[in-house]
Amino acid sequence: MEPPSASLFPAFTGTAATSAGSAAGLDWLSNRSFRTEDALQLHQRMVGIAADSPQGSPQASTYSDRDASGTLSPRLVVSGEEHPAAKKKKKKKKHHRHKKEKKKSRERDHSIGNSDPELLWEKGKQPSTVRNDVCADLPAGEFMWLDDIQSPSGQSFCIDRKADPANWMYKSLYRGDLARYKRKGDVCIGLNPKKQQILWEGPKQQKKKRAKRREDRYYSTSSLQQLRTDAVAVRCEVASQSNTPAVAPAFIPVPDWEESESRSAGTVSWVNPLGIYDASTSLWLQGKGRPEQEDKGRVPTDSGEEVNAAMLAKVERFNRLLREDSSNVQTWMEFVHFQDELMQGPNPFTAATGESEKRKRSRRMVLEKKLAILERGIESNPSRVELKVARLQLCQEAWEPSSLVNEWKKVVFLHPNDTALWQRYLLFYQSQFSTYSTSKVNGTYGKCLSTLAAALDGTLVSHPALPGIEEAMLAIFLQQCHFLRQAGHSEKAIALFQALIDFTFFKPDSMARLTTKAQVEFFEPFWDSGEPRFGEAGARGWKAWMRQQEKGGWIILNEEGEDEEEDEDGEEIKDKSRPKWQLWVQVEGARDAKYWLPWRAKKVKGQAEEDCEDPDRQVLFDDIGDSMFRICSPGLKFQLLSCFLRFLGVPAGSELPPSCLNLALDEPALLASGSEGAMLADGSGPSTGGVAAVGLLDAGPRPGTGHCRAGEEFIRFVFQQALPHLSGEEQSELALSWLLYEKSKVVQNLRLGSKRVKPQGKRSKRLAKRLLKEPANRNSLALWREFAHLEWLLGNVDESRRVFHTAVSSDAAQGLSSSSLCRLCLLYASLELELEVAGQAACPRALHVLTRLAQGDGRPFAGEVPAVDVLKARRSYEQAVRCLPADPAHLASLAGCYALFLYLTVGLQAADTLYRQAADWLDVLPPPAESAPAASSRVSASRRLATMHVALLWFHARAGPRPRRPLVEALQAALRRFPGSPRLWRLFVRLASTAPHSGSTARRFFHSLTRANRGDILPWLFAIHAEEQRKQRIDSVLRAGAGMEHSMVPETGLDNRIAALFEHAVGSEAGAHCVLLWRMFLRFTAARGDVGRTRGVFYRALQHCPWAKVLYLDAVRLLPERLQEITDLMTEKEIRLRLPLEELDILVED
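Residues numbered from 1 in each chain as written. Predicted model: local features only at pLDDT ≥ 70, side-chain atom pairs only at ≥ 80, totals over all residues. Heavy atoms only, no water.

> What should I look at first to understand the overall build of the protein chain in this one?
Within the protein chain, the secondary structure is distributed over 44 helices and 2 strands. Scored against the burial criterion, the 1150 residues of the protein chain give a buried share of 41%. Relative to all contacts within the protein chain whose residues are 6 or more apart in sequence, the contacts with residues 24 or more apart total 68%. A total accessible area of about 66400 Å² is found for the protein chain, and carbon and sulfur atoms account for 53% of it. (Helix = DSSP H or I, 4+ residues; strand = E, 2+ residues; numbered from the N terminus. Buried < 20%, exposed > 50% of the residue type's maximum accessible area, 1.4 Å probe, protein only. Contact = heavy atoms within 4.5 Å. Areas by Shrake-Rupley, 256 points an atom, 1.4 Å probe, with all protein chains shown as cover.)

> Just to check I follow, could you spell out the packing of aromatic side chains for this structure?
Each pair of aromatic rings is reported with the distance of its centres and the angle of its planes. For the structure on display, the rule yields 39 aromatic pairs. Aromatic pair F477 and F497: ring centres 5.5 Å apart, planes at 85°, arrangement edge-to-face. With F477 in helix α16 (residues 469–486) and F497 in helix α17 (residues 490–505), this pair connects stretches of sequence that are 20 residues apart. Each member of the pair, F477 as well as F497, is classed as buried. (Phe/Tyr/Trp six-rings, centres within 6.5 Å; stacked < 30°, edge-to-face > 60°.)

> Even after reading the chapter, I still don't get the nonpolar core, so can you show me in this structure?
Generally speaking, a soluble globular protein has its nonpolar side chains buried in company with each other. Counting residues in hydrophobic clusters, the biggest one holds 250 residues, and the most contacted among them are F477, W584, Y877 and L1021. With 12 residues, helix α32 (residues 888–905) is the single largest residue contributor to this core. (Core = buried A, V, L, I, M, F, W, Y, C linked by side-chain atoms within 4.5 Å.)

> It is not clear to me how helix α19 (residues 542–551) should be interpreted in this structure. Could you clarify?
All of the buried residues along α19 are W542, A544, W545 and M546. Those residues of α19 hidden inside the fold are in contact with α17 and α18 (516–528). With its phi angle positive at about 120°, G552 sits one or two positions after the end of α19.

> What is the right way to look at the side chain of R630 in this model?
Relative to the helices and strands, R630 is located in the loop between α21 (621–624) and α22 (634–647). Beyond its immediate chain neighbours, meaning those up to four positions away, R630 contacts L456, D457, F503, K507, A512, L514, T516 and Q519.

> Can you help me understand a negative patch on the surface in this one?
Residues E521, E524, D528, E609, E610, D611, D622 and D626 make up a contiguous surface patch of negative charge. Here the negative patch takes 3 residues from α18, the largest share from any one element. Mapped onto the elements, D528 comes out in helix α18. (Patch = residues over 30% accessible without salt bridge, like charges linked within 9 Å, V, L, I, M, F, W, Y side chains within 5 Å. Salt bridge = Lys/Arg side-chain N within 4 Å of Asp/Glu carboxyl O. Lys, Arg positive; Asp, Glu negative; His and termini not counted. Charge placed at Lys NZ, Arg CZ, Asp CG, Glu CD.)

> It is not clear to me how empty space enclosed by the protein should be interpreted in this structure. Could you clarify?
As enumerated under the stated definition, the model contains 6 cavities of 30 Å³ or more in all. Lining the largest cavity we find 13 residues, and of these A992, G999, A1026, R1030 and R1033 sit closest to its centre. The element contributing the most residues to the lining of the largest cavity is helix α38 (residues 1018–1038), with 5 residues. Within the lining of the largest cavity, the residues separate by chemical class into 5 nonpolar, 4 polar and 4 charged. Its boundaries defined by the atoms lining it, the second largest cavity holds a volume of some 90 Å³. (1 Å grid on protein atoms, 1.4 Å probe; cavity = no way out; pocket = protein on both sides within 12 Å on 5 of 7 lines; lining within 4 Å. Points joined across faces, edges and corners; volume = space filled by probe spheres on them. Nonpolar A, V, L, I, M, F, W, Y, C, P; charged D, E, K, R; others polar.)

> What is the right way to read a positive patch on the surface from this model?
On the surface, R756, K758, K762, R763 and R766 cluster together into a positively charged patch. Structurally, K762 is set in helix α26 (residues 757–772). K762 sits in the exposed class, given a relative accessible area of 56%.

> For this particular structure, what's the right way to read the pattern of salt bridges?
Pairing between side chains of opposite charge can happen when the charged atoms of each approach one another. Taken as a whole and assessed by the stated rule, the structure comprises 40 salt bridges. Here the salt bridges do not stand alone but share partners, grouping E491, E588, D592, D614, D616, K1109, R1136 and R1138 into one network.

> Before we go on, may I ask you to explain a nonpolar patch on the surface in this structure?
Taken together, the side chains of L274, I276, Y277, W284 and L285 make up a nonpolar region of the molecular surface, amounting to roughly 600 Å² of accessible area. Turning to its location among the elements, L274 is positioned in the loop between α5 (221–228) and α6 (279–285). Given a relative accessible area of 68%, L274 falls into the exposed group.

> Teacher, can you tell me more about the packing of helix α9 (residues 329–342) against helix α12 (residues 385–394) here?
A pair of packed helices is captured by two measures, namely the crossing angle of their axes and the spacing between those axes. Where α9 meets α12, the axes come as close as 10 Å, and the angle between the chain directions of the two elements is 20°. The pairing of α9 with α12 is recorded here as roughly parallel in orientation. Classified by chirality, the crossing of α12 by α9 is right-handed. Of α12, the residues touching α9 (which contributes V329, W332 and M333) are E386, L387 and A390. (Axes fitted to C-alpha atoms, helices over the stretch in contact; angles between N-to-C directions. Parallel < 35°, antiparallel > 145°, perpendicular 65-115°, else oblique. Left-handed = near helix turned anticlockwise from the far one by under 90°.)

> Would you explain α32 in this entry?
Three- or four-residue spacings in an α-helix give side chains the same orientation, since the helix completes a turn every 3.6 residues. Between the first and last C-alpha of α32 there are 26 Å, a value that for 18 residues agrees with the 26 Å anticipated at 1.5 Å per step. Extensive coverage of α32 is indicated by the burial of 17 of its 18 residues. (Expected span 1.5 Å × (residues − 1).)

> Would you mind going over the packing of α17 against α22 with me for this structure?
Where α17 meets α22, the closest approach of the two axes is 11 Å, and the angle between their N-to-C directions is 155°. Relative to α22, the element α17 is oriented roughly antiparallel. Classified by chirality, the crossing of α22 by α17 is left-handed. The segment α17 lies against α22, with A493, I494, F497, L500, I501, T504 and F505 engaging K637, F638, L640, L641, C643, F644 and F647. Counted by class, the contact of α17 with α22 contains 12 nonpolar, 1 polar and 1 charged residues.

> Explanation requested: the environment of G711 in the structure shown.
Relative to the assigned elements, G711 resides in helix α24 (residues 709–722). Remark: the alpha-carbon pair of G711 and W596, spanning 115 residues in sequence, is separated by 8.3 Å.

> Mind showing me how you'd approach the confidence of the model for the protein chain here?
Predicted coordinates in regions of low pLDDT should not be interpreted in detail. Summarising the model, the protein chain shows a mean pLDDT of 77, and 70% of its residues fall at 70 or more. Confidence over residues 15–23 falls short of pLDDT 50; this stretch has 1 contact with residues more than four positions distant or in other chains. Scored below 50 in pLDDT, residues 929–936 shows 8 contacts in the model against residues more than four places distant or in partner chains. (pLDDT = per-residue confidence, 0-100.)

> So what exactly am I meant to see when it comes to the side chain of E536 here?
Structurally, the position occupied by E536 is in the loop between α18 and α19. One polar contact links E536 to R600, side chain to side chain, over a distance of 3.0 Å. Residues in contact with E536, not counting those within four places in the same chain, are Q498, R600, F714, F717 and Q721. (Polar contact = N/O pair within 3.5 Å; in protein donor to acceptor, adjacent residues only side chain to side chain.)

> I'm lost on the state of the cysteines in this one. Help?
Disulfides are covalent bonds that connect the sulfur atoms of two cysteines. Inspection of every chain in the model, using the stated rule, returns 0 disulfides. Left unpaired, C1074 is separated from the closest cysteine sulfur, that of C1105, by 7.5 Å. You can call C1074 buried: its relative accessible area is 0%. (Disulfide = S-S within 2.5 Å.)

> What should I look at first to understand unusual backbone geometry in this one?
Glycine aside, residues mostly have negative phi, and peptide bonds are mostly found in the trans state. A positive phi is found at E1134, a non-glycine position, where the angle reads about 65°. Topologically, E1134 is positioned in the loop between α43 (1123–1132) and α44 (1141–1149). Of the residues examined, E1134 reaches a relative accessible area of 32% and is grouped as partly exposed.

> Is there a simple way to explain the environment of L312 in this structure?
With respect to the secondary-structure elements, L312 resides in helix α8 (residues 303–324). What makes L312 partly exposed here is its relative accessible area of 35%. Distance in space between the C-alpha atoms of L312 and L342 is 9.9 Å, their sequence separation being 30 residues.

> How should the environment of R1057 be read in this particular structure?
Summarising the element assignment, R1057 is placed in helix α39 (residues 1052–1067). Residues within four places of R1057 in sequence aside, it is in contact with R1003 and E1027.

Set out below in structure tokens:
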């Protein structure tokens, strides 16, 4: 055998051999591993294979398994020519297969470390192996898989002579063509670990991070669903076999946990030799299944199965109830609300559990299910309005506004006599920003009242009048007036009240039997005649005008004051250097406060209707004619007059109905804490209702108190013209409202520290004396009480005591049997007791007042009260309380006097117990008569009693360092019972602000009340107000001395909490259309400094309350750069704009 060729280039081995002697020193050029006979033999064999194979046959590309020796066979590459496009397709297919295999291997791969060696093939360095005879029947040509070969050999491989350019580019093979192996640890078998060690070099593979399943928190979907499932009741079972009575344990024992049958260990058998398998596993090993009865009776152990079972049970219950009684509207509504609970978590009616966690629930699907349920309910109950209204409310999210309005009109047309439906329709119509127009909404109010008036008269034959239609019509009328006031059209609102009062109190006797439509036709000539209307100077009424017209009319004389010119205030703009938006807000607010009365042409001066500079100040009969209706009940007539006085800012006794209270709230003074603690034990004072008076729209800081001169004269004429047309009791109550109005102006001047306290006090005392001189008011203890309190407020304590003594002496014989005397003595004693807080020992005087009240003696104070008189007074109180009076107001006053007497003689605990007992006594009293005034009703008496109870506890806590737990408990109990009392809420917020650690307690209480009273907006307002006050206190401490760095230290915790409260409040049904809530939200957002968010909140507010002019004024104040845009929007929506920007430019130039 010849030695191997030493030439580096085998093709020139002969040349290399001849020149071996000359190049003996060049050994590095020799290739000793090459054998020429092996190369020739391989070449001949390949040429023979190529000659035997047919042309165009596919080239074999196979990958063999392990051979007999256990080693991997080398790869055989058979060269052959093929089309480049076909090669690319084959290559893509091969790579795609490798990717799929690699993806599958990754899913089941949990290795500690993988090794992907990089093979860098150098040019000219290839492995040389002695190859055995290869498969002779392997076809040459294209690649093919091993499974496609008909007779595969043990060592099948292929040779590919065409190089892969990707290997040259990336310096390595494709990662999908490399074999992978797993290295279990760093130890090599066979080495001595003490002496030998292998260091594995190369890039360290990062361990795959296992996705750990996070535990569900309490707010997750699965946790909420588990909380909704019915829990297993824990009860104490005391088994007594003997006759001896069982002794109840000191605590309820919880039974030990026992494994269920499915998880308990099974018995030892041939399939379960160790006894570690449960019953179900043992049956599975035997090839058996659970019995069918056992599967049916199996209790689901998984929480998801329990939730599904509970949901299925509820759905079956609803279906059964609706199938048995399809006329139950409440069940239909509950089933509709149940759909929200049904779609909150995984259940058999939604998608799979995994899908529900990955994507949100489709609100569209829930909406469609609700609509389908409501449509089925309407088919079963076509006459029930509740289902139709619920359907229309759901359709607001899916339908166009025009289609929704048409559907509402259809429903109203089918039920024209339903007052609740009309109220919902009016609220919907006036809150649609896209279709809103003040004239259209006002016309809709008129159509509503005229339709209901026809039903009340009986002319609407198809639909009779429903019970309580008069009260509902008055509530709709008040809602219309406040709507016009908030839209800036105060002239039309005043004209509506004037027309309805004239139509009610001054109606001619000959018109009583006519229908409402006929009466309105006769009323139109009086309205257009130019005759003075109710509240104007020289007004005589519709009845007197009709009587005089029958006689030929009367001559209008020039009365005193008729030719007086209106007071001129000078220039409206005094400082023209201020910004334009400030000037506009100032002049707009000033004109709102001055020109809120309708403009009337004075015929004495020769004025005509064309002389009016602002045509919107004129009110035509077409604007108010449709809103006229008859009021037959005397109580409703007086309520109409009281509501008009409250509309003007007079603290009258009547309050707005709950249906329109949330819409009318727009005054931030509702949240201001005044002197609530000053009225110690008498809760009869008028509370701030949060509704701004006409002409006193909160467009900025108010310069003074009360109305302008024309407004004060108008209110005085209203009282003078209304008093002669009322009965004795109603007349006294109206006179009391007049005196309360004058006293409220004194209180406002005292708070502001104004210099007009003395002049206002003189006018108020003059009015009180004039009212008490009237024969009908001489014995009115209510007027005497307010007159004495007025003197006390002005600082005339001795004069006030003389007035109190005069009033008590005039009616002292009645004693505890007189409700008015009890209230007067209660106020007198509380005022005397409060002087003790100021440092004066006046406690004996308070005890003297209460003792003389019980004994029926009006003797003046002469010193300490004897103990015998105290015992006699206590016995008299006990006897009076034992015989409960039938009047709730009398019982409340009597309980207040007795509780204050016990507080002075026994202590706070006795007074607290009496107040709690008196609240129970009020509950057992029979309801008051229908003719009783609203102030004497059981609800108002209970509220006044709760307020007096809280005020006494507040006074006791203020007198010294005492525990506040009784005060907090009493205040929370009162608010749970009367969540609509602003005075109680102000006391609660004030108490929460003084306690340093009561923040969490107050929040929990607010949260419970907002959930329990979803129809009341006051809990939301005061909850937000409490958080804002808390933020102000924290800022005052953190920002002390900060200067310009105030905005650099943000306190975001309370900001986010307040923002969340606002979002929840405006999302509720009661707060969505509350103007005051949106004003607070707008100011809070602007205080955070985010202009974009402020603008967004403003437009959100307009989507719900497009009629509120104060929102536009606040937006101008907070977004001054958008003045032109806001004024254009006001003009488009017909909001009252008294100063156009063009007129402002003229005023600034002049």
